[in-house]
Amino acid sequence: MLIQYQGVAFSVDSSKPLSYDLAALKLSTLSYFRPLPVQAKAVSFPHMGVVPEKALVSREAEPGVAEKASSPAQRPAGDPLTYDDLLREYNQLRERSGRTTNALASAAHDLKTPLAILNGYIELLQNEKLGSLNERQREILGDMSASGQRLQSFIQDFLSYSVLETGEMKMRYETGNVNPCLSEVCRLWSHRFQERGLALYFLANEKLPELAFDSAKLQRVISNLLENASKFTPAGGTVWLHAEPYMWERRKPDSSAISSERRRQDNPLPNSVKVSVSDTGPGIPAEYHIEVFDDFFRLPQNEAQTEGMGLGLAIARRLVSAMGGKIWVESELGAGAKFSFILPLKPVAAAPGKGKNK
């Protein structure tokens, strides 16, 4: 048997006992040995091996060692995660997210019915069908009604979020003009804008082509954008709702030549409709232009000033994505914000996405 130690290879008679004194850096044996040239073949030990410092041992080779090395609690700081670590953590996050979504949906359903009963009784009292009210009582009931409506909005956001997160949202497309849909949303929001001292403008665009869209989902997207604008636009400000035909060039890996040729055309035919909501609010810093569409996100400078759970824009993003569209924001700090989204004239197969728009 051959052993290589400190640059010297030894031939050892394995039939006799052999011992090593590594502390004294010497070899003691009851057998005989003789030095051999360094280029002699080294011996491989099936059950022994040298593991470099901070190396991870595969689970297949050493199950016990692998579990300890890949454990997040015992892994030295700075070590890279293995594929198994990433997969395990991804599955844990996915399960946790699913439990959170189900808990939100369950809580929202449990609150929806009793809240509707409370709002009904408040409306009954406000109509003075159970007796006349004095001015102070009307003021209190008005505050109760506003709080009930706000809570109902939160519950509706939770329900919409849970449905979109689990992919259970069903689209109901109808082909038509979006002008009546946009006009109806403006009518519903005009009173609230007047209460806040804001001006809301919308002018129907007769050049809009017909497209297939889900009217209820589209109204929800626009309502969320208008609500966001009304929250951050100071009194005396203005909000515009506008729609126009749009040429949406979707880039594909193998269509660079087609895209270049299409850009040379003077009047390309529109293949989508672009809807925009602009305001004269404080604006959004550039570093938050993508994060504003995240779940439960609120701008740091407005977190203590505004109401809401930070789901309005996240729900709008998911609804637009479910209709095969894209949403983004253009804004500068102190110069207002413009939220825009585009919808294709013909619906495309698109699942309610959880990621961000590119």
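Everything numeric in this text was worked out from a predicted model, so none of it was measured.

Draft legend 1. Up close: the overall build of the protein chain. When its secondary structure is counted, the protein chain shows seven helices and 12 strands. When burial is assessed residue by residue, the protein chain has 34% of its 358 residues classed as buried. Put simply, 71% of the contacts in the protein chain that link residues at least 6 apart link residues at least 24 apart. Of the roughly 22600 Å² of accessible surface on the protein chain, a fraction of 54% belongs to carbon and sulfur atoms.

Draft legend 2. Broad picture of the pattern of salt bridges. Taken as a whole and judged by the stated rule, the model has eight salt bridges. For the salt bridge of glutamate 139 with arginine 136, the shortest nitrogen-to-oxygen distance reads 3.6 Å. Note that glutamate 139 and arginine 136 are positioned in helix α3 (residues 135-165) at a spacing of three residues, about one turn of the helix. Among the residues examined, glutamate 139 registers a relative accessible area of 45% and is labelled partly exposed. Residues glutamate 184 and arginine 187 are paired through a salt bridge, measuring 2.7 Å at the closest nitrogen-oxygen approach. Of this pair, glutamate 184 and arginine 187 both sit in helix α4 (residues 179-195), separated by three residues, roughly a single helical turn. By sharing partners, the salt bridges in this structure join Glu128, Glu135 and Arg138 into a single network.

Draft legend 3. Summary view of a nonpolar patch on the surface. Judged by side-chain polarity, Tyr83, Leu87 and Tyr90 come together as a nonpolar surface patch covering roughly 360 Å² of accessible area. With respect to the helices, strands and loops of the structure, leucine 87 is situated in helix α2 (residues 83-126). With a relative accessible area of 36%, leucine 87 lands in the partly exposed category.

Draft legend 4. Just the environment of valine 221, in detail. Following the sequence through the fold, valine 221 ends up in helix α5 (residues 215-232). Expressed as a C-alpha distance, the spacing of valine 221 and isoleucine 315, which sit 94 residues apart in the sequence, is 7.6 Å.

Draft legend 5. Here's a closer look at the environment of glycine 197. Relative to the helices and strands, glycine 197 resides in the loop between α4 and β7 (199-202). When the C-alpha atoms of glycine 197 and threonine 233 are compared, they prove to be 9.7 Å apart, with 36 residues separating the residues in sequence. The residues touching glycine 197, leaving out its near neighbours within four places in the chain, are Ala235, Gly236 and Gly237.

Draft legend 6. Looking closely at the packing of α4 against α5. Between α4 and α5, the shortest axis-to-axis distance is 10 Å and the interhelical angle comes to 35°. In this structure, α4 meets α5 at a crossing whose hand is right-handed. The residues of α5 that touch α4, namely those facing Cys181, Leu182, Glu184, Val185, Trp189, Arg192 and Phe193, are Ser215, Leu218, Gln219, Ile222, Ser223, Leu226, Glu227 and Ser230. Considering only residue class, the contact of α4 with α5 consists of eight nonpolar, four polar and three charged.

Draft legend 7. Structural context of unusual backbone geometry. A positive phi angle, close to 60°, is found at glutamate 128, a residue other than glycine. For glutamate 128, a relative accessible area of 31% gives the class partly exposed. Non-glycine residue phenylalanine 296 carries a positive phi angle of around 60°. Topologically, phenylalanine 296 is positioned in the loop between β10 (272-279) and α7 (312-322).

Draft legend 8. Focus on the pairing of strand β11 (residues 326-331). Two elements, β11 and strand β12 (residues 337-344), share six bridges in a ladder whose sense is antiparallel. Following the sheet pairing, serine 331 is matched in β12 by alanine 337. Linkage of β11 to β12, two consecutive antiparallel strands, is achieved through a turn of five residues, within which glycine 334 is found at a positive phi near 85°.

Draft legend 9. Up close: the packing of aromatic side chains. Counted by the stated rule, this structure contains three aromatic pairs. Pairing tyrosine 288 with phenylalanine 297 gives two aromatic rings, centres 5.8 Å apart and planes at 40°, and the pair type is tilted. When the ring centre of tryptophan 328 is taken as origin, the NZ or CZ atom of lysine 326, which lies over that ring, is 5.7 Å away.

Cut-offs applied
Throughout this document, residue positions are counted from 1 along each chain, in the order its sequence is written. This being a predicted model, a pLDDT of at least 70 is required before a residue's local features are given, and a value of 80 or more before pairs of side-chain atoms are given or counted; all residues contribute to the totals for chains, interfaces and linings. Derived side-chain values reflect all non-hydrogen atoms in the structure, with water molecules and hydrogen atoms excluded from consideration. Numbering goes from the N terminus for both helices and strands, where a helix is a DSSP run of H or I of at least four residues and a strand is a run of E of at least two. A 1.4 Å probe rolled over the protein chains alone gives each residue an accessible area, and that area as a share of the maximum for its type sets the label: buried under 20%, exposed over 50%, partly exposed in between. Working rule for contacts: check all heavy atoms of both residues, and any pair within 4.5 Å makes them a contact. Exposure was quantified through the Shrake-Rupley algorithm and a 1.4 Å probe, taking into account, for residues, occlusion by the shown protein chains and nothing else. What makes a salt bridge here is a side-chain nitrogen of Lys or Arg within 4 Å of a carboxyl oxygen of Asp or Glu, nothing more. Grouping into patches uses exposed residues only, defined as over 30% relative accessible area, and leaves out salt-bridged ones; the cut-off is 9 Å for like charges and 5 Å for nonpolar side chains (Val, Leu, Ile, Met, Phe, Trp, Tyr). For helices, the fitted line uses only the C-alpha atoms of the stretch in contact; every axis is such a line through C-alpha atoms, and the angle between N-to-C directions lies from 0 to 180 degrees. The sense of a crossing depends on the near helix, which, turned anticlockwise from the far helix by less than a right angle, makes the crossing left-handed and, turned clockwise, makes it right-handed. When residue character is reported, Ala, Val, Leu, Ile, Met, Phe, Trp, Tyr, Cys and Pro are called nonpolar, Asp, Glu, Lys and Arg charged, and the others, Gly included, polar. Being paired, for any two strands, means DSSP has found at least two bridges between them. Between 30 and 60 degrees the pair is tilted, below 30 it is stacked and above 60 it is edge-to-face, where a pair is any two Phe, Tyr or Trp rings, Trp via its six-membered ring, whose centres lie within 6.5 Å. Working rule: Lys NZ or Arg CZ, within 6 Å of ring centre, within 35 degrees of ring normal, means a charge sits over the ring.

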